[in-house]
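Read off the chains here:
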Amino acid sequence: MSAYNVYDAPLGSLVRYFDGAPKPPARFTKKLASWQTRNGVGRLVRRQPSRERATYTAPASITLHEGDFASGSVILVTVMRTHSVDSELGLEIVERPKIGMVRVLHPIGDEEELLHLAENREAAELWLAKAGYRRCRLEEITADEVGTEIVEGRAAA
């Protein structure tokens, strides 16, 4: 799948990135670690359009949330990876958000970042109250959004 199609995917989609190389055996720890940096799965949390500066042009990119490392209930490290749409890695959408799920979106400049994807509005409001973010917006995934993707050919019918 083209990286541009993943760029147009809805926030909250589960995206797999890969380089096509076979996974090395576990005994080759350095090769395995290198392979894992080029093969993985993450949730699409942000899209950045291309940026032009006087001396540099940055292509459009996507940011994937791969996971959190926590101690008890406190998140210590959040793992995110940003991929350019010009990346040589293959990208595919594994799963799209389902109808009725609710996105918790936080504005960052002119863009928005997905903070949380909840099963319903009540769960999203509860998460937002616990997390303590301000200026967030809740957005429910509707049948119209899912239907548009099927009509435009971005989703399997």
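See the structure above.
Just so it is clear, the model here is predicted, and its values are computed rather than measured. Within each chain, residue numbers correspond to sequence positions counted from 1 in written order. It should be noted that, the model being predicted, local features are given only for residues of pLDDT at least 70 and side-chain atom pairs only at 80 or more, the latter also being counted only at that level, while totals for whole chains, interfaces and linings use all residues. Side-chain metrics in this entry use all non-hydrogen atoms of the structure; hydrogen atoms and water are not considered.

(A) Examining the pattern of salt bridges more closely. Counted as salt bridges are all cases of a side-chain nitrogen of Lys or Arg within 4 Å of a carboxyl oxygen of Asp or Glu. Tallying each qualifying case throughout the model produces 7 salt bridges. Of the charged contacts, one joins R38 and D19 as a salt bridge, the two residues approaching to 3.4 Å between their closest N and O atoms. Linking R38 in the loop between α2 (29-37) and β2 (40-48) with D19 in the loop between β1 (14-18) and α2, this pair joins segments that are 19 residues apart in sequence. Here the term buried applies to any residue with accessible area under 20% of the maximum for its type, exposed to any over 50%, and partly exposed to those in between, with areas from a 1.4 Å probe on protein chains only. The class of D19 is partly exposed, set by a relative accessible area of 31%. A run of H or I in DSSP counts as a helix once it spans at least four residues, and a run of E counts as a strand once it spans at least two, with each numbered from the N terminus.

(B) Up close: the environment of A118. Assignment of secondary structure puts A118 in strand β9 (residues 111-118). Measuring from C-alpha to C-alpha, the distance between A118 and G100 comes to 9.1 Å, with 18 residues separating the pair along the chain. Those residues in contact with A118 that sit more than four places away from it in its chain are M101, V102, A123 and A124. In what follows, residue pairs with any heavy atoms lying within 4.5 Å of each other are defined as contacts.

All quantities given are derived from atomic positions and should not be read as evidence of function.
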